[in-house]
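Inside the fold
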Amino acid sequence: QNNAKVAVLGASGGIGQPLSLLLKNSPLVSRLSLYDIAHTPGVAADLSHIETRASVKGFLGPEQLPECLKGCDVVVIPAGVPRKPGMTRDDLFNTNASIVATLTSACAKHCPEAMICIISNPVNSTIPITSEVFKKHGVYNPKRIFGVTTLDIVRANTFVAELKGLDPARVSVPVIGGHAGKTIIPLISQCTPKVEFPQDQLEKLTGRIQEAGTEVVKAKAGAGSATLSMAYAGARFVFSLVDAMNGKEGVVECAFVQSGETESPYFSTPLLLGKNGIEKNLGIGKITPFEEKMVAEAMSELKASIKKGEEFAKNFK
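Scoring rules and cut-offs
- Residues numbered from 1 in each chain as written.
- Predicted model: local features only at pLDDT ≥ 70, side-chain atom pairs only at ≥ 80, totals over all residues.
- Heavy atoms only, no water.
- UniProt positions renumbered as here; feature names shortened; annotations may be inferred.
- Helix = DSSP H or I, 4+ residues; strand = E, 2+ residues; numbered from the N terminus.
- Buried < 20%, exposed > 50% of the residue type's maximum accessible area, 1.4 Å probe, protein only.
- Polar contact = N/O pair within 3.5 Å; in protein donor to acceptor, adjacent residues only side chain to side chain.
- Core = buried A, V, L, I, M, F, W, Y, C linked by side-chain atoms within 4.5 Å.
- Domains from an automatic or database assignment.
- Contact = heavy atoms within 4.5 Å.
- Phe/Tyr/Trp six-rings, centres within 6.5 Å; stacked < 30°, edge-to-face > 60°.
- Lys NZ or Arg CZ within 6 Å of the ring centre and 35° of its normal.
- Buried area = accessible area lost by both parts, 1.4 Å probe.
- Salt bridge = Lys/Arg side-chain N within 4 Å of Asp/Glu carboxyl O.
- Expected span 1.5 Å × (residues − 1).
- Arc of directions from axis to C-beta.

With respect to the UniProt feature "active site" (unreviewed entry) in the protein chain
- The UniProt record annotates "active site" (unreviewed entry) at His-179.
- As for its position among the elements, His-179 is in the loop between strand S7 (175-177) and strand S8 (184-186).
- Residue classification places His-179 among the buried positions, given a relative accessible area of 4%.
- A polar contact is formed between the side chain of His-179 and the side chain of Asp-152, at a distance of 2.7 Å.

Right, here's the structure in full:
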């Protein structure tokens, strides 16, 4: 069943290229359709020489987008502008909101059944935009639209492993909430294997997970944001999704999705994935008072970002 047809929209960019490389390297993928407004024929030619079975095709510019999307099972969207030092994810809103609305509109028309995985920031707003666009086209299915927050989980696993001297591949920390600053809520209390930190260290660790993106933006000193780790995290999410679509049982990933778990209409929690996308929302589970406080404090920012995305989509032509 390893015949997933995957499209990457924004395939020539800083995330798009390494993400496409990781997808090309996977036995799960049989067809890779790469789309961007520049350089895709070159990226596709380059990747097509790799000795794995996925066929690769590049599509350039809006007139080729419909053909790119036809028959796709999964669409991953890393398109947009990256953060520069001093910028928040929300500063990207005006540019990236239009890009996401345009691309998801094409998805709604040409592959309405596909799983849509949004990487473009600010995810807390681009997911509500995607939902509204799909509603407009009458093809909305909340079980198939995902905000990819996997990088927060990957970072949490890495940082916990570093502090405790564990193998990061064996550490699993659920991260709930959203995908910006204090809306990123790592549930260290639910980490497997079980770990404990004194309160001051826990607060420092939590802050580092929340601001890890900014750590990379600063270190790159104007040359972009997290691209390689984001490509890894995006690929990890896509592989989990495809495994679940192929019938593998017990596949769980966190993602920012339409949700009734809190008073926020969208919220990231662990999700059981299946053939049709979200099989079951596993919810927040038992959390500590420290984590409860973080959830409460994230609400107003989350709701504002969601509303901003919905308003944008309503006025988008």
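Moving on, there is more to tell.
Notes on the nonpolar core
- If you look at the biggest cluster of nonpolar residues, it comprises 45 residues, and the most contacted ones within it are Leu-9, Leu-69, Val-75, Ile-77, Cys-107, Ile-116 and Ile-129.
- For this core, the secondary-structure elements that each account for two or more residues are strand S1 (4-9), helix H3 (65-69), strand S4 (74-77), helix H4 (93-110), strand S5 (115-118), helix H5 (123-136), strand S10 (266-274) and helix H10 (289-315).
- Per-domain counts for this core show at least three residues from each of domain 1 (4-148) and domain 2 (150-305).
- If we skip the residues at most four places from it in the chain, Val-75 touches Ala-7, Leu-9, Leu-69, Cys-107, Cys-111, Ala-114, Met-115, Ile-116 and Cys-117.

So, the packing of aromatic side chains
- For the structure on display, the rule yields four aromatic pairs.
- Ring geometry for Phe-93 against Phe-312: centres 5.6 Å apart, planes inclined by 90°, an arrangement best described as edge-to-face. Of this pair, Phe-93 sits in helix H4 while Phe-312 is found in helix H10, placing the two residues 219 residues apart along the sequence.
- Site record: aromatic cluster; members linked through ring pairs are Phe-93, Phe-312 and Phe-316.
- Against the face of Phe-197 rests Lys-164, its NZ or CZ located 4.5 Å from the ring centre.
- Positioned over the ring face of Phe-93 is Lys-308, at 4.6 Å from the centre of the ring.

Notes on the domain arrangement of the protein chain
- The domains assigned to the protein chain are domain 1 (4-148) and domain 2 (150-305).
- Across the contact, 35 residues belong to domain 1 and 43 residues belong to domain 2.
- Taking both partners together, domain 1 and domain 2 bury about 3,300 Å²; carbon and sulfur atoms supply 69% of that area.
- Summed over the shared surface of domain 1 and domain 2, the number is zero salt bridges.

Section: helix H7 (residues 199-210)
- Counted at 1.5 Å a residue, the expected span for H7 with its twelve residues is 16 Å, and the 16 Å between its end C-alpha atoms agrees.
- Those residues of H7 that fall on the buried side of the exposure criterion are Leu-202, Leu-205, Thr-206, Ile-209 and Gln-210. Projected down its long axis, H7 carries its buried residues within an arc of 135°, all on one side. Structural note: H7 exposes Asp-200 and Lys-204 on the side pointing more than 90 degrees away from its buried face.
- Buried positions along H7 lie against helix H6 (150-164), S8, helix H8 (212-220) and H10.

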